[in-house]
Amino acid sequence: MRGTILLTRLAWRQDRLLIAVWTLALVAFCYASAAATPSLYASAAERAQAAQGINDNPAVVALYGPILDVHSTGELSMTKATVLYAVFVALLGMILVRRHTRADEESGRTELVSAGIVGPHAPLTAAFAAATGVFVLLGVLVALADIAGGLTIGGSLVFGLSWALLGLVGAALTLVAAQLVPSARTCAAIAGGMIGVLYLLRAIGDTSAVALSWLSPFGWATQLRAWSGPRWWVLALYVVLVAGLVVLAHALRGRRDLGAGLVTARPGPATGAPYLRSSPALALRLHRGMLIGWTIALLGMGALMGAIAPGVSGLLTGQAAQEMIRRLGGPGSLERTLIAAEASIGALVVTVFAISVVAHTSHDEQAGLAERALSTGATRGSLFAGTLMVAAGGALWLCLATGIGVALGYRRDAVPVALSVLATAPAVLVVVGVGVLGWAWRPGWYVAGWVALGLSLVADQIAQLLNLPSWVGGISPYSHLALVPSESFRAVPALVLALIAVALGAAAWVSYRRRDIG
Amino acid sequence: MTTPVIRVQDLVKTFGRFRALDGLRLEVAAGEVHGFLGPNGAGKSTTIRCLLGLLRSDAGTASVFGLDPWGEVGAIHRRLAHVPGDVTLWPNLTGGEIIDLLLRLRGVEPARSDRGSLIERFQLDPTKRARAYSKGNRQKVALVAALAGPAELLILDEPTSGLDPLMERVFGECVRERAGNGTTVLLSSHILSEVEDLAERVTIIREGRTVETGSLAELRHLRRTTITAQTPGPPPPLDALVDVHDVHVEGTTVRCSVGPEGVAGVLQALGRAGATAVTSAPPSLEELFLEVYRTGVAAAGDGS
């Protein structure tokens, strides 16, 4: 028990910066959203109209979930927070738990502390306890931020609770994923993938079959009705799920050795494949599993999103909705709007892939692996090219794969639909370019890529909420591109963004050539 | 005299405010096995990283094969092989895959290298994933990859750390074979006895500076053994014997520092006194430095 408490405190100590930044960003976002609503919509009627507008747009419902009570100010204020930004809460749970379970185990740190007074289950308990502490804090702060922003006290508290519980779902999922495989990266892929699937399940459920939303903890966040007559029993669903996952994780831990996965590792090839002879080939080999996994996942996600598109116009029966569809140019236009929205989600997901590749390269360098390659005949140029090839080339490939998935699911307008995600590639490459430039400056600075992605996500939002000048919203490269296929492709912004991406790459190369390795 | 394979003059490397290298000098002639000694944190690995072009020095010059390691990485690296002090490997590749990759990156075709025989000699299982290797096995992977191909220069940074004594011996044989074929070897270590068997010349550094350099014969005064013995009665007087220093007596225990000429005399005296236990230990580097400073031999010497 003492060991567990020590490990919990150690986890907080190691993560205090990450926890502080992440919590502050989410709390600030909630406060800004709550405080801005009265100025955006002056009267109750305007708010109800805005809420109805959200419900009438399937693309928006797919992203944020529906608004169940159009007269609730709280629900309107927290539209984006309820489900979409809750993904970041779940991801924080994943990051916290993975670091202190599988990542520590892979690096040998767990073995170091296991020699002390801690049992085999202590690292699991400590990681989960550390995450629980963080989410209690986050839940309370978010509730206070909402109250300070002028929302009802009861609703704010239930909403804060729903975020804390979603964070714990992310943590508990990762606790299970960490027991399955020896690699911390694969653990992140499994846990991140599960969070993605649960979000997607809800997106499909909310736009076509609400029963599916009930299979996802993200769907529960909407169905909880935090702001008007909460369904308290929904909270029990979270508790049962989290408890079940934690028990499962401990049971799995009892069935495996330290450092091992559930399946004993089989011997691999005794010799290197003939193609494995250059830095780019190594980069490709190291990311082979990741590329295959992401390709399958994004093809599947695209196909599902494409498949639900034709059903959406049938769901819209209201007068206003029919009017909007008519104005858009008929049901076909509505579907294309949804597909364009799906393409922009795809763009964000692909960006996550590419920044992860840069992050891997950076971590490998800090572990001494760049030195290993560079002390042979491999040059910095080939190492740089290998990283860029997998990050940028992989991103382009996955954009295409996602689009092809959507086209396969949608079965109409094959070419423009298949290219819809690829049309966002220049923006993806600019954000990735920022990460590459950061890495090329100092290995740990690849984080600039995550910051750029985060800013791109919220810039528009923040600018609108805080009445900032319009260029602030424009710093998101994604906002400058045409929404294919609902708009036709515009070459100029795409070309400008592509040139910016190339310039970032060139600057990165200049910097990478001149800096110390390791 | 031909151009030295490695020549480092007054090298300075700072990390923020910390001066890792502070005017370091090192010269390794073609075909020699050169011991590169210093306590932990003395700057051995930093020097090697500068020689490999991984770090850019702040002042001074370094050359490998007469070339600038920062500017002409490719030309230099094709002619050398390197074993790092702290071997990390790609966790999801097997040892065999990593050996082949590292060889090919140097332009060596694994099928035509000594890969197979070295894997056998080092008793390495090449089908295991690097994640599952122990420290010693990771070291073996790096050693096989470095030794399997032809190289004019071997840079070995504490290469035996984690190896068991049997494998250390195999390693010693391998290095001797390479040296016999004319390969130049830079062998870094923090233990003098480890390089004694292999090296002809050594350079000792501390806090980023060269403390001593020369042939082992020249550094003979550094090769003292610490002998500790237990005797049934009061220990025999050892002070008067040839090449015996720093005698300490505590009850029936005697400890002294003995040069090469004095060993036989001390052992005889202890034998006559009916010693019940005798241990001998090579001097630690810190003891050597004390000795170097005390005798005033210390100089940022260039080996002449």
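Use the structure listed above.
Residues numbered from 1 in each chain as written. Chains lettered and ligands numbered in written order. Predicted model: local features only at pLDDT ≥ 70, side-chain atom pairs only at ≥ 80, totals over all residues. Heavy atoms only, no water.

Chemist: Explanation requested: the overall build of chain B in the structure shown.
Modeler: Looking only at helices and strands, chain B has nine helices and 13 strands in total. With the C-alpha coordinates of chain B rotated into their principal frame, the extents come out at 65 × 45 × 40 Å. Split into buried and exposed, the 304 residues of chain B put 51% on the buried side. Residue pairs in contact within chain B that sit at least 24 positions apart in sequence constitute 67% of those at least 6 positions apart. Roughly 13,100 Å² of accessible area belongs to chain B as shown, and the carbon and sulfur atoms make up 50% of that amount. (Helix = DSSP H or I, 4+ residues; strand = E, 2+ residues; numbered from the N terminus. Buried < 20%, exposed > 50% of the residue type's maximum accessible area, 1.4 Å probe, protein only. Contact = heavy atoms within 4.5 Å. Areas by Shrake-Rupley, 256 points an atom, 1.4 Å probe, with all protein chains shown as cover.)

Chemist: Quick question: what am I supposed to make of the interface of chain B and chain A here?
Modeler: Interfaces are often sized by the amount of accessible area the parts lose when they come together. Taken together, the contact pairs 37 residues of chain B with 37 residues of chain A. Between chain B and chain A, a total of about 3,300 Å² is buried, with carbon and sulfur atoms accounting for 54% of that surface. Where chain B packs against chain A, one counts five salt bridges. E109(B) is paired through a salt bridge with R277(A); the nearest N and O atoms lie 3.0 Å apart. The interface formed by chain B and chain A includes 21 residue pairs in polar contact (both at pLDDT 80 or more). The set of elements that each furnish at least two residues to the side of chain B that touches chain A consists of β1 (6–15), β5 (80–83) and α3 (95–105) of chain B. Top contributing element to the side of chain B that touches chain A by residue count: α3(B), with seven residues. Across the side of chain B that touches chain A, the residue classes break down as 16 nonpolar, eight polar and 13 charged. (Buried area = accessible area lost by both parts, 1.4 Å probe. Salt bridge = Lys/Arg side-chain N within 4 Å of Asp/Glu carboxyl O. Polar contact = N/O pair within 3.5 Å; in protein donor to acceptor, adjacent residues only side chain to side chain. Nonpolar A, V, L, I, M, F, W, Y, C, P; charged D, E, K, R; others polar.)

Chemist: What exactly am I supposed to notice about the pairing of strand β2 (residues 18–28) of chain B here?
Modeler: Along any regular strand the residues' side chains alternate between the sheet's two faces. Residues and elements named next belong to chain B. Where β1 lies against β2, eight bridges are found, and the strand directions are antiparallel. Residue pairing in the sheet places L11 in a bridge with L24 of β2. If you look at the hairpin formed by β1 and β2, you'll find two residues sitting between the two strands, and G16 has a positive phi there, around 65°. (Pairing = 2+ DSSP bridges.)

Chemist: Could you clarify how one ought to interpret α3(B) in this entry?
Modeler: An α-helical turn contains 3.6 residues, so any two residues separated by three or four positions project in the same direction. Buried residues dominate α3(B), accounting for 11 of its 11 residues. Buried residues of α3(B): G95(B), G96(B), E97(B), I98(B), I99(B), D100(B), L101(B), L102(B), L103(B), R104(B) and L105(B), and no others. Against α13 (279–286) and α18 (369–374) of chain A together with α4 (115–121) and α5 (135–147) of chain B lie the buried residues of α3(B). One or two positions beyond α3(B), positive phi appears at G107(B), with a value near 85°.

Chemist: Would you take a moment to explain the packing of aromatic side chains for this structure?
Modeler: By convention here, two paired aromatic rings are described through the distance between centres and the angle between planes. Residue and element names in this part refer to chain A. Taken as a whole and assessed by the stated rule, the structure comprises 12 aromatic pairs over all chains. A centroid spacing of 6.0 Å and a plane angle of 80° characterise the contact between Y199 and F218, whose relative ring orientation is edge-to-face. Pair noted here: Y199 is in helix α9 (residues 184–207) and F218 is in helix α11 (residues 217–223), with a separation of 19 residues, a long-range link. For the pair Y199 and F218, a shared accessibility class is recorded, and that class is buried. The rings of F384, W439, W509 and Y512 are connected pair by pair, giving a single aromatic cluster. Its guanidinium or amino end placed over the ring of Y410, R412 lies 4.8 Å from that ring's centre, counting from NZ or CZ. (Phe/Tyr/Trp six-rings, centres within 6.5 Å; stacked < 30°, edge-to-face > 60°. Lys NZ or Arg CZ within 6 Å of the ring centre and 35° of its normal.)

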